[in-house]
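Remarks on the overall topology
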Amino acid sequence: MKTQPASHGLKEIPRHVAVIMDGNGRWARQRMLNRIEGHRRGIESVRAVVRTAGELGIAYLTLYAFSKENWKRPKVETATLMHLLGTFLRREIGELNRNKVRLKAIGVLEDLPPKVLRQFRATEAATAKNTGLTLILALSYGARDEITRAAREIAAEAVAGRIAPASVDEKTVARHLDTAGVPDPDLLIRTSGELRVSNFLLWQISYAEFVVSPTLWPDFRREQFLDALREFGRRHRRFGGVESLPRA
Ligand code: FPP
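Structural notes, computed from the coordinates. On a predicted model such as this, the values are computed, not experimentally measured, just so you know. (Residues numbered from 1 in each chain as written. Predicted model: local features only at pLDDT ≥ 70, side-chain atom pairs only at ≥ 80, totals over all residues. Heavy atoms only, no water.)

**Considerations on a positive patch on the surface**
A contiguous patch of positive charge, built from Arg90, Arg91, Lys115 and Arg118, is present on the exposed surface. Among the secondary structure elements, those contributing two or more residues to the positive patch are helix 3 (75–91) and helix 5 (114–127). Along the chain, the position of Arg91 falls in helix 3. According to the relative accessible area criterion, Arg91 is exposed, its value standing at 61%. (Patch = residues over 30% accessible without salt bridge, like charges linked within 9 Å, V, L, I, M, F, W, Y side chains within 5 Å. Areas by Shrake-Rupley, 256 points an atom, 1.4 Å probe, with all protein chains shown as cover. Salt bridge = Lys/Arg side-chain N within 4 Å of Asp/Glu carboxyl O. Lys, Arg positive; Asp, Glu negative; His and termini not counted. Charge placed at Lys NZ, Arg CZ, Asp CG, Glu CD. Helix = DSSP H or I, 4+ residues; strand = E, 2+ residues; numbered from the N terminus. Buried < 20%, exposed > 50% of the residue type's maximum accessible area, 1.4 Å probe, protein only.)

Right, here's the structure in full:
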């Protein structure tokens, strides 16, 4: 049974929530642990947030799991993150199916180690028919890269004579992004208190509400997620227009 939003004091359930999961390294450092332990604990937060999003009836959840820039980290860290991702994808199929979660990804998946890419494809196929939450993992993702790839494709179509340059509009661009067909995020959450967008969904977050949580990602669980959703419920979205005031 779906949890009623009212039971958590939620006024409105966003259709699409995007999350910049940040603070794994700091969480580990505060405990004199290796950074990898922070990522390991972070996976528990991924599970908690995915479960809660599904329960609440959120339609899309996009998680920034690995950026294009993250490849610059020490080899041992990127290799371990890839290993953790592969293990997560393998172990989670049952839980994703039980919760009717459909898995998708954005980013340059060909950058992933072949074994992890195969595991991703297998989990994607195994969950393709699920009708609940769509979980989108951003993997080897960078928004400027995504927009550049879209521009390249549109230019190629124009050169081939399939589209007229003058007909290119915002819908054309949106159709060529990795998120084609996915509604823009209503809410963008960043954990660990950092006030940066870090090359995440630059086109898509134009009108998203931004909630920054001070909690480090490994401690960001159901309650912190619900807090962010309550904060979203207090916002008045205007999309560049003016707020309609009640008539006197
Ligand atoms: C940011 O923390 C987090 C990441 C770069 C990776 C996020 C990955 C996970 C939560 C685990 C794997 C994900 C899935 C979906 C299985 P940071 O290392 O930048 O933290 P810091 O800023 O404190 O150093």
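**Here's the deal with helix 6 (residues 143–159)**
With 17 residues, helix 6 extends 24 Å between its outermost C-alpha atoms, agreeing within 8% with the 24 Å of an ideal straight helix rising 1.5 Å per residue. The complete set of buried residues in helix 6 reads Ala143, Glu146, Arg149, Ala150 and Ile154. Viewed end-on, helix 6 has its buried residues packed into an arc of 135 degrees, placing them on one side of the element. Pointing more than 90 degrees away from the buried face of helix 6 are the exposed residues Arg144, Arg152 and Val159. Contacts made by the buried residues of helix 6 are with strand 4 (134–141) and helix 7 (170–176). Positive backbone phi, approximately 80 degrees, marks Gly161, located one or two places after helix 6. (Expected span 1.5 Å × (residues − 1). Arc of directions from axis to C-beta. Contact = heavy atoms within 4.5 Å.)

**Some thoughts on the environment of Glu194**
Looking at the element boundaries, Glu194 is found in the loop between strand 5 (187–190) and strand 6 (209–212). Here Glu194 is in contact with Asp22, Arg26 and Val212, once residues within four sequence places are set aside. At 3.2 Å, the side chain of Glu194 forms a polar contact with the side chain of Arg196. (Polar contact = N/O pair within 3.5 Å; in protein donor to acceptor, adjacent residues only side chain to side chain.)

These results come straight from atomic positions and should not be treated as a statement about function.
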